[in-house]
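Single-letter residue listing:
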Amino acid sequence: MKIVTVDSACSVLDDNLLPTNIISMVGIMVDHPYDRPTHIKAMPSEYSLTDYALLVNELKLCEEMLSIEKADYVHLDMSLGGINILDITEEDLLFKIPLSETGRTIIKLILPELQKTAKSIKDKYQIPVLAIGKKSHPVRLAELYAAGYGVSNAINKAKEKKQAIYVGLPVRITASLENGNVKVCSQEPMETSLCAEIPVAEGVSMEAFFNPIVRGFQTLKLTPF
Amino acid sequence: MKIVTVDSACSVLDDNLLPTNIISMVGIMVDHPYDRPTHIKAMPSEYSLTDYALLVNELKLCEEMLSIEKADYVHLDMSLGGINILDITEEDLLFKIPLSETGRTIIKLILPELQKTAKSIKDKYQIPVLAIGKKSHPVRLAELYAAGYGVSNAINKAKEKKQAIYVGLPVRITASLENGNVKVCSQEPMETSLCAEIPVAEGVSMEAFFNPIVRGFQTLKLTPF
Amino acid sequence: MKIVTVDSACSVLDDNLLPTNIISMVGIMVDHPYDRPTHIKAMPSEYSLTDYALLVNELKLCEEMLSIEKADYVHLDMSLGGINILDITEEDLLFKIPLSETGRTIIKLILPELQKTAKSIKDKYQIPVLAIGKKSHPVRLAELYAAGYGVSNAINKAKEKKQAIYVGLPVRITASLENGNVKVCSQEPMETSLCAEIPVAEGVSMEAFFNPIVRGFQTLKLTPF
């Protein structure tokens, strides 16, 4: 079973260790035994935390990856129980799917765009786009790679600015520098063998510490030297 | 404190790695220090995923085990906060216990049968049946043993059919073949020392991999050779 | 970033392994890299499980610690999404914050007292009291220290009473005796390096086992010899 998915991750943190943006989007293709991607496409673009185009662009990147290699499913990082994006109705959003008020508003806003891309994917490749989110193993694997490339991007930023920056990793992910790579591993139960290794520029030191205001999240201080 | 409980586990998966049935039911008796069963009773029966008789039969197996050795409590794999089954009223189901619409319907359907068996257990042994489910440590231990016997049953199936089959393990449980046994261990925090070892037939190889469509679940491919 | 917080933990368990009280309250000050306290203040006081003064007294202990050393934030062990205690309105409690009926009642009961102390802290130190609870890393660290001192207190109790007592640890925390200390460690993912070591009296043996009626919790049997 081949699955294509995209996830975005990592934020530069402000002085209060609060996230300010998203600095990495990565698409992956996975196949049996699902422990590493067979293809990777990293996008260094930046997004604000409230940019609803993020999810729309994630799905567009999935479509782009399908043009290189066909898959059986698209997993979208949107946690709606695995429903096919094209099957979501106004009624589902209003009554059937449990959603916060904010969640409902955002989904209503971007659903037309998502469904347009999902329709295009269905027409071209006859495969469904599933709103599976956090329940998907490939989405988690994409998150690890997005985290790895996010750290790589942040190291470049720290070098350009010639000053230390703080980066927040996704939940239950740790990072370390090893032989010119950043090694990013999941600390989630069952997933401790899941890691991503991404080459990074030299000249920046990395200190990892607990983010005191969000339990379960590691923060990195990247200092050019 | 002696506790008797029953759990069911493992499913043969279809080509889309979706579960099709339940292939193992195991009752255990536990006593201090609660790290392994003092008695085990394995039932190789099969259930469909929507067979509401499953929970009823689990409780009947508890009653059967009590006839061999008395316990202080019965833990039922039904997550209603530990309430005594005989204390559940129509009003609780309607207003007090948070339940999904489906959950409410199913419980209303099977509650009379459950209460009948719970009443019989109370009359014979003066002990309560608690609807404690996922919050119970013995229920988790029973799940491990049900998983172990489930794999054993699936290995027999693969040999009979002379073809590879896929089996889904319960959440955060891993399996491996060791010296003619399947060793099944919990990967849940605090529980990594909890394992069940069950003898299995020879002549089948086992490959474990991440189920891509349900994060946190291991899938086994069992191939006769 | 300096944070002060207080947590309470550990209970003597009855013969059914159910908690009866709270036997330890500990305040800590933390600073970068947030892996151990820079100051600790342990209070051996006992509270009943339904004593709403507990949270009020936790906040008073925070204020007391601030008089020794200033911090940037107070983290209160009350899980309301990190809202400033002084910003909570009647309307928030009624409509905006998701709360159980019991939770709502308790918070309404103690909010005036909490806000009085939070106001005093704001006036004296110009820092906010955040209702962040389980999402706070420092609150978890305080929980570890409260657990360590709780075991120490329980060991003294067992010696006084000259009989074995059972103690319940907080969720996903394990304890062991090492060189005259109790070593208490988190088993939560990401936190396995977080431990507290507290000196304890000699003459009591400790046996750790799974609490069968609450999964994920370790119970200690402390026996004077």
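Structural notes, computed from the coordinates.

Each value, and the rule that gives it
Residues numbered from 1 in each chain as written. Chains lettered and ligands numbered in written order. Predicted model: local features only at pLDDT ≥ 70, side-chain atom pairs only at ≥ 80, totals over all residues. Heavy atoms only, no water. Phe/Tyr/Trp six-rings, centres within 6.5 Å; stacked < 30°, edge-to-face > 60°. Helix = DSSP H or I, 4+ residues; strand = E, 2+ residues; numbered from the N terminus. Buried < 20%, exposed > 50% of the residue type's maximum accessible area, 1.4 Å probe, protein only. Salt bridge = Lys/Arg side-chain N within 4 Å of Asp/Glu carboxyl O. Disulfide = S-S within 2.5 Å. Contact = heavy atoms within 4.5 Å. Polar contact = N/O pair within 3.5 Å; in protein donor to acceptor, adjacent residues only side chain to side chain. Nonpolar A, V, L, I, M, F, W, Y, C, P; charged D, E, K, R; others polar. Pairing = 2+ DSSP bridges. Expected span 1.5 Å × (residues − 1). Least-squares fit on C-alpha atoms with pLDDT ≥ 70 in both. Axes fitted to C-alpha atoms, helices over the stretch in contact; angles between N-to-C directions. Buried area = accessible area lost by both parts, 1.4 Å probe. Bend = angle between axes of the 7 residues up to and from the residue.

### Observations concerning the packing of aromatic side chains
Right, so step 1: Counted according to the given criterion, the structure contains six aromatic pairs over all chains.
Right, so step 2: Taking the centre distance of 6.0 Å and the plane angle of 40° together, the rings of Tyr34 of chain A and Phe209 of chain B count as tilted. Of the two residues, Tyr34 of chain A is situated in the loop between strand 4 (24-30) and strand 5 (39-43) and Phe209 of chain B in strand 14 (residues 204-210); the pairing between them involves two chains. Here Tyr34 of chain A matches Phe209 of chain B in class, with each residue buried.

### A look at the pattern of salt bridges
A side chain with one charge may pair with a side chain of the opposite charge, provided their charged atoms come close.
Right, so step 1: Inspection of the entire model under this criterion finds 42 salt bridges over all chains.
Right, so step 2: A salt bridge links Glu191 of chain A to Arg215 of chain B; the shortest N-O distance between them is 2.6 Å. Here Glu191 of chain A, found in the loop between strand 12 (181-186) and strand 13 (195-199), pairs with Arg215 of chain B, found in the loop between strand 14 and strand 15 (218-224), and the two come from separate chains.
Right, so step 3: A relative accessible area of 1% places Glu191 of chain A in the buried class.
Right, so step 4: Where Lys2 of chain C meets Glu69 of chain C, a salt bridge forms, and the shortest distance between an N and an O atom there is 2.6 Å.

### Observations concerning the state of the cysteines
Right, so step 1: Inspection of the entire model under this criterion finds three disulfides over all chains.
Right, so step 2: Covalent S-S linkage joins Cys185 of chain C and Cys195 of chain C, the inter-sulfur distance amounting to 2.1 Å. Handedness here is read from the sign of the S-S torsion; for Cys185 of chain C and Cys195 of chain C, about 110°, the answer is right-handed. Taken together, the residues Cys185 of chain C in strand 12 (residues 181-186) and Cys195 of chain C in strand 13 (residues 195-199) connect sequence positions ten residues apart.
Right, so step 3: Cys10 of chain B carries a free sulfur, and the closest cysteine sulfur to it, the one in Cys185 of chain B, is 14 Å from it.
Right, so step 4: Overall, the relative accessible area of 6% leaves Cys10 of chain B in the buried class.
Right, so step 5: There is no disulfide at Cys62 of chain C, and the cysteine sulfur nearest it, in Cys10 of chain C, is 19 Å away.
Right, so step 6: The class for Cys62 of chain C is buried, based on a relative accessible area of 1%.

### Some words on the interface of chain C and chain B
Right, so step 1: Every contact between the two is made by 19 residues of chain C and, on the other side, 22 residues of chain B.
Right, so step 2: Between chain C and chain B we count three salt bridges in total.
Right, so step 3: Across the pair Glu188 of chain B and Arg172 of chain C runs a salt bridge whose closest N-O atoms are separated by 2.9 Å.
Right, so step 4: Remark: the boundary between chain C and chain B carries seven residue pairs in polar contact (both at pLDDT 80 or more).
Right, so step 5: For the side of chain C that touches chain B, the secondary structure elements donating two or more residues are strand 11 (173-178) and strand 14 (204-210) of chain C.
Right, so step 6: Tallying contributions element by element places strand 14 of chain C first for the side of chain C that touches chain B, with three residues.
Right, so step 7: Classifying every residue of the side of chain C that touches chain B by side-chain character gives nine nonpolar, six polar and four charged.

### What about the sheet that holds strand 8 (residues 83-84) of chain B?
All names here are of chain B.
Right, so step 1: The strand order across the open sheet formed by six strands is 5-4-1-7-9-8, and the pairing between neighbours is mixed. Unpaired on one side and paired on the other, strand 5 (39-43) and strand 8 mark the two borders of the sheet.
Right, so step 2: When strand 7 (residues 73-76) meets strand 9 (residues 129-131), the two strands line up parallel, connected through three bridges. Each bridged residue has a counterpart across the sheet, and for Leu76 the counterpart in strand 9 is Ala131.

### Some details on helix 4 (residues 137-161) of chain C
All names here are of chain C.
Right, so step 1: The end-to-end C-alpha separation of helix 4 is 36 Å, in line with the 36 Å expected for 25 residues at 1.5 Å each.
Right, so step 2: In terms of residue burial, helix 4 counts as a mostly covered element, since 20 of its 25 residues are buried.
Right, so step 3: Two to three positions downstream of the cap, the backbone nitrogen of Val139 sits 3.0 Å from a side-chain oxygen, assigning the N-cap of helix 4 to Ser136.

### A short note on the relation of the copies chain C and chain B
Right, so step 1: Under the fitted operation, chain C is carried onto chain B by 0.0 Å of movement along the axis and a turn of 120°, and the coordinates agree to an RMSD of 0.0 Å. This pairing of chains is accounted for by a three-fold axis. Rotation axis and chain C: the residue whose C-alpha lies nearest the axis is Pro189 of chain C, separated from it by 4.1 Å.
Right, so step 2: Here only 11% of the interface residues in chain C have copies in chain B that are interface residues too; the copies meet through unlike faces.

### Comments concerning the relation of the copies chain B and chain A
Right, so step 1: With an RMSD of 0.0 Å, the fit of chain B onto chain A corresponds to turning through 120° and sliding 0.0 Å along the axis.
Right, so step 2: Little of the interface of chain B is mirrored in chain A: 11% of its interface residues are interface residues there too.

### Observations concerning the sheet that holds strand 15 (residues 218-224) of chain A
Residue and element names in this part refer to chain A.
Right, so step 1: Ordered in space as 2-10-15-14, the four strands form an open sheet in which the pairing is antiparallel. Two strands lie at the open edges of the sheet, namely strand 2 (11-13) and strand 14 (204-210), each paired on one side alone. Averaged over all pairs of adjacent strands, the angle between their axes in this sheet comes to 35°, without regard to strand direction.
Right, so step 2: By the bridge criterion, seven bridges tie strand 14 to strand 15 in an arrangement that is antiparallel.

### Points about the environment of Val56 of chain C
All names here are of chain C.
Right, so step 1: Summarising the element assignment, Val56 is placed in helix 1 (residues 53-68).
Right, so step 2: Distance in space between the C-alpha atoms of Val56 and Pro37 is 22 Å, their sequence separation being 19 residues.
Right, so step 3: Sequence-distant contacts of Val56, defined by excluding residues within four places in its chain, comprise Ile110, Glu113 and Leu114.

### A short note on the interface of chain B and chain A
Right, so step 1: Chain B puts 19 residues into the contact, and the matching count from chain A is 22 residues.
Right, so step 2: Summed over both partners, the interface of chain B with chain A buries about 1600 Å², with 64% contributed by carbon and sulfur atoms.
Right, so step 3: At the junction of chain B and chain A, the tally comes to three salt bridges.
Right, so step 4: Here chain B is connected to chain A by seven residue pairs in polar contact (both at pLDDT 80 or more).
Right, so step 5: Put simply, the parts of the chain that give the side of chain B that touches chain A at least two residues each are strand 11 (173-178) and strand 14 of chain B.
Right, so step 6: The greatest single-element share of the side of chain B that touches chain A, amounting to three residues, is contributed by strand 14 of chain B.
Right, so step 7: Of the residues that constitute the side of chain B that touches chain A, the class distribution is nine nonpolar, six polar and four charged.

### Some details on the pairing of strand 15 of chain B
Right, so step 1: With four bridges joining them, strand 10 (residues 165-168) of chain B and strand 15 of chain B adopt antiparallel strand pairing. Bridge pairing in strand 15 of chain B places Gly168 of chain B opposite Thr219 of chain B.

### Thoughts on helix 3 (residues 101-125) of chain C
Residues and elements named next belong to chain C.
Right, so step 1: Over its 25 residues, helix 3 runs 34 Å from end to end, which matches the ideal 36 Å to within 8%, given 1.5 Å per residue.
Right, so step 2: Of all bends in helix 3, the biggest is about 45°, found at Ile110, and the proline Pro112 comes one to four residues later.
Right, so step 3: What helix 3 keeps buried is the set Gly103, Arg104, Ile107, Ile110, Leu111, Leu114, Thr117, Ala118, Ile121 and Tyr125.
Right, so step 4: Structurally, helix 3 contributes buried residues whose contacts are with helix 1, strand 7 (73-76), helix 2 (90-96) and strand 9 (129-131).
Right, so step 5: Phi turns positive, to about 55°, at Gln126, one or two residues after helix 3.

In short, shape yes, function no, at least from these values alone.
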